[in-house]
Every structure is written in structure tokens, then in C-alpha cells.
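# Structural description and commentary
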Amino acid sequence: MAIKKNRPNRRKSTTGNKTVITLLVLLVLLCGSIFLLEWVKGTTVQVEQNNTPTVQTERHKIPPRQAYNQVEMQPYTTSSLEHKLHIRKKTTSPGTVAIIIDDMGASLQEANSLMAINIPLTFSLIPGLPKVREIDKTAYDRGYQVMIHIPMEPKGYPQHRLEENGLLLSQSDEEVEKRVSAYFGLLPHAVGANNHMGSRFSENEHKMRVVLNQLKAHGLFYVDSRTTPQSVGLALARSMEVDSAGRNVFLDNDKDLHAITVQLEQLAALARKRGSAIGICHPHKITIQALAMNLPKLKREGITFVPVGDLVR
């Protein structure tokens, strides 16, 4: 009897190999799918980043602080200052300001418009103008200081007009005294005086002494309008112990709203720097508009407005 040999189960071996291969293929496909998904995800993020606009933080540099440049303009000249309103940090520091309105006396309406601003302005009236007495009394009754705006000879006279009752270098001392005394009669409520024009007269020490003696005798102070750099008025008044002060800024040489606003800001800046400052302007319609617009604002920012008599010494 022949011995029957055990033959290997080829069918079973083949089936096992197929199972291993299938698992390997599935594993490869799974890894490939995971890799593909990660690649697609990375590509999408990159595309989104490339399509997203780059937001850059804009850096605003603070402009340098504008240096203060005092401008003391003279009459009959134009300002060299560029009248541009710069945006500035709001200032609330203190300072005392007095504003003299020159050339008053022609219109009561001008006086009423100025008093409606409700700021203690000082009215300087030219003696002999038609409404002088009326404005003198009205202003006094309502608590406003009144001054005599003394007409004095300017350089260029007689080409530059001067009031008939003005002071001339050619007049005798007695005539000058007589004319100044007449001013007191026209303006009984005046507490001080300043010069109207006078770029020639105010340079003459002898004639100015005659005028200042009259003011001192009647207890009036003197404000030098400084219509000429060579004026002797302030220094002479101080030496004679007449209460006095000097103008710092002319406000309306340029009759423009922005220009006057710039000058008012200069006046306020000077008052903050020195403690006080005196400005002079005129009753032009545009000037009254600028004062009404700016003075209440400056007051809110810390400026104290006073009659000019508060600043003489």
C-alpha cells in the first residue's frame, strides 16, 4: 500500500497573499488620501492669503509745534504773515487781554454791535466825530471804558489827512495844551488816551511831554499805539510817572476774517506767554464779525478780557 503524501494547500496560500496585497493597497490609498487632503487644504489657505488685501497700519506723524512768532504790525502796511488757519491743540492756559477799539465816534450802531459781544472792550473816541458825546455817555452807563483817541501828526502830513483839531509839531506848546484841554470837555468820561496816527508827532519828546503833562494833570493814563518804532511815548510816560502801557498787536491791518482771527490768536498766545497783552483794532464790519466769533471762544479757552486801564502801570 503506497503512502499518500500531504500536499500543501495552494488554494489557501493564494487567498492569504491576496488579502495582504489588498490591505497594503488600502493603506497606500488611505495615506495618499490623507496627503492629498492636506495638500489641498494648504493650497487653499495660501490662495486665500494671496487674495486677501494687505492692511497696512497708517502712521500719522504729529506735525511739529509751530514756533511762536510775534507780529506787531504797523498801520499803513500790509502783513507779511500768510493767513492760514492751522489745526492746533486746544489751549486752555490763562492770559489777560485788553482790546482797544480805535476810531470810534462816528456811529452809535457800531458801539452797540461791539457791546453786544458782551466782552469788556475799551472804546477810544476821536474827539470831534458826530456821535462822540452820545457814545461816551452810553459806553460809560453800560460799564465800558472810554479813551481819547488823540489825533497826532503822521509822517507824510499833509498828504495823509488829519482831523482839524489834531496836534501838529508846528503848533506852539500853548496851542497843544489848549487842544488837549478841549478833548477833555468833549469826552468827560474818558479815563485814558492813546495816539491816533502820530508816527511823526510821537517821536518828538518835547511835544509828547506837553501832551503827557496834560493827561497827568487830569488823572488819565496813556497807551502808546506804537505807530512808529521810534515812538518816545511809553518810555517818556513811565519816566514822568504817568500810568501807561504799549500796544502789542494790531488786529485788523488786513481786513479779512481769517487774517484777523490769526492776529487774535497771536494776541492770546502773547498773553499766555507774558501774562497780559494789548490789541488794537477798528470798528470795521468784518472786524466786529471776527471779534464776535472769536472772543467768546478765547474766553472759554481761559483768556480773561479786561478794560485796558487794568493793564497800565
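Let us look at the structure shown here.

## So, the packing of aromatic side chains
- For the structure shown, the criterion picks out one aromatic pair.
- An angle of 0° between the planes, with centres 5.5 Å apart, marks the rings of Phe123 and Tyr144 as stacked. With Phe123 in strand β2 (residues 122–125) and Tyr144 in the loop between α3 (132–141) and β3 (145–152), the pair connects residues that are 21 residues apart, well separated along the chain.

## Comments concerning the pairing of strand β5 (residues 221–224)
- Residues Phe221 and Val223 line one face of β5 and the alternating positions Tyr222 and Asp224 line the opposite face, and both faces are buried.
- In this sheet, β5 lies alongside strand β4 (residues 190–197) in parallel orientation, the contact comprising three bridges. Bridge pairing in β5 places Asn194 opposite Val223.
- Regarding topology, helix α5 (residues 205–217) serves as the crossover connection from β4 to the parallel β5, and that connection is right-handed.
- The pairing of β5 with strand β6 (residues 244–246) spans three bridges and is classified as parallel. If you follow Asp224 over to β6, its bridge partner there is Gly246.
- With helix α6 (residues 233–239) bridging β5 and the parallel β6, this β-α-β connection has right-handed handedness.

## Considerations on the side chain of Asn194
- Position of Asn194 among the secondary structure elements: in strand β4.
- Excluding residues that lie within four positions of it along the chain, Asn194 makes contacts with Ile100, Asp102, Ser124, Met147, Ile148, His149, Ile150, Tyr222, Val223, Ser225 and Ile280.

## Thoughts on the packing of helix α2 (residues 108–115) against α3
- Where α2 meets α3, the closest approach of the two axes is 10 Å, and the angle between their N-to-C directions is 20°. Between α2 and α3, the interaxial angle falls into the category roughly parallel. The two elements α2 and α3 meet at a crossing, and its hand is right-handed. In this structure, α2 uses Leu108, Ala111, Asn112 and Met115 to contact α3, whose residues at the interface are Glu134, Ile135, Thr138 and Ala139.
- For the contact of α2 with α3, the per-class residue count stands at five nonpolar, two polar and one charged.

## Here's the deal with a nonpolar patch on the surface
- Taken together, the side chains of Leu23, Leu26 and Leu29 present a nonpolar region at the surface, about 310 Å² in accessible area.
- Considering the arrangement of structural elements, one finds Leu26 in helix α1 (residues 10–51).

## What about the pattern of salt bridges?
- Overall, the coordinates contain ten salt bridges when judged by the stated rule.
- Across the pair Lys131 and Glu134 runs a salt bridge whose closest N-O atoms are separated by 3.8 Å.
- Note that Glu153 and Arg200 form a salt bridge whose closest N and O atoms lie 3.0 Å from each other. Within this pair, whereas Glu153 is found in the loop between β3 and α4 (173–186), its partner Arg200 is found in the loop between β4 and α5, the two being separated by 47 residues in sequence.
- Look at Glu153 and you get buried, because its relative accessible area is 7%.
- Taken together, the salt bridges that share partners define one network made up of Arg272, Lys297 and Glu301.

## A word on the packing of α4 against α5
- Interhelical geometry of α4 versus α5 gives an angle of 35° and a closest axis separation of 10 Å. In the packing of α4 onto α5, the handedness of the crossing is right-handed. Contacts from Asp173, Val176, Glu177, Val180, Ser181 and Phe184 in α4 reach His206, Lys207, Val210, Val211, Gln214 and Leu215 in α5.
- Taken together, the residues that form the contact of α4 with α5 break down as six nonpolar, three polar and three charged.

## Some points on the pairing of strand β1 (residues 95–104)
- Counting buried positions along β1 gives eight out of ten residues, so the element sits mostly inside the fold.
- Across three bridges, β1 lies against strand β9 (residues 303–305) in parallel orientation. Directly across from Gly95, in β9, lies its bridge partner Ile303.
- Relative to strand β8 (residues 276–281), β1 runs parallel, the two being bridged by six bridges. Among the inter-strand pairings, Ile101 is bridged to a residue of β8, identified as Cys281.
- Bridge analysis of β1 against β2 gives three bridges, and the strand direction is parallel. What sits directly across from Ile100, in β2, is Thr122.
- Each parallel crossover has a hand, and the one from β1 via α2 to β2 is right-handed.

## A closer look at unusual backbone geometry
- The omega angle of the peptide bond from Tyr157 to Pro158 is 10°, so this bond is cis rather than trans.
- Here Pro158 shows up in the loop between β3 and α4.
- Of note in the backbone geometry, Asn118 takes a positive phi value of approximately 65° without being a glycine.
- Phi is positive for Met197, close to 60°, though the residue is something other than glycine.
- Mapping Met197 onto the fold places it in strand β4.
- Among the residues examined, Met197 registers a relative accessible area of 12% and is labelled buried.

What counts, and where the lines are drawn
- Residues numbered from 1 in each chain as written.
- Predicted model: local features only at pLDDT ≥ 70, side-chain atom pairs only at ≥ 80, totals over all residues.
- Heavy atoms only, no water.
- Phe/Tyr/Trp six-rings, centres within 6.5 Å; stacked < 30°, edge-to-face > 60°.
- Helix = DSSP H or I, 4+ residues; strand = E, 2+ residues; numbered from the N terminus.
- Buried < 20%, exposed > 50% of the residue type's maximum accessible area, 1.4 Å probe, protein only.
- Pairing = 2+ DSSP bridges.
- Right-handed = clockwise from strand over helix to strand, strands pointing away.
- Contact = heavy atoms within 4.5 Å.
- Axes fitted to C-alpha atoms, helices over the stretch in contact; angles between N-to-C directions.
- Parallel < 35°, antiparallel > 145°, perpendicular 65-115°, else oblique.
- Left-handed = near helix turned anticlockwise from the far one by under 90°.
- Nonpolar A, V, L, I, M, F, W, Y, C, P; charged D, E, K, R; others polar.
- Patch = residues over 30% accessible without salt bridge, like charges linked within 9 Å, V, L, I, M, F, W, Y side chains within 5 Å.
- Areas by Shrake-Rupley, 256 points an atom, 1.4 Å probe, with all protein chains shown as cover.
- Salt bridge = Lys/Arg side-chain N within 4 Å of Asp/Glu carboxyl O.

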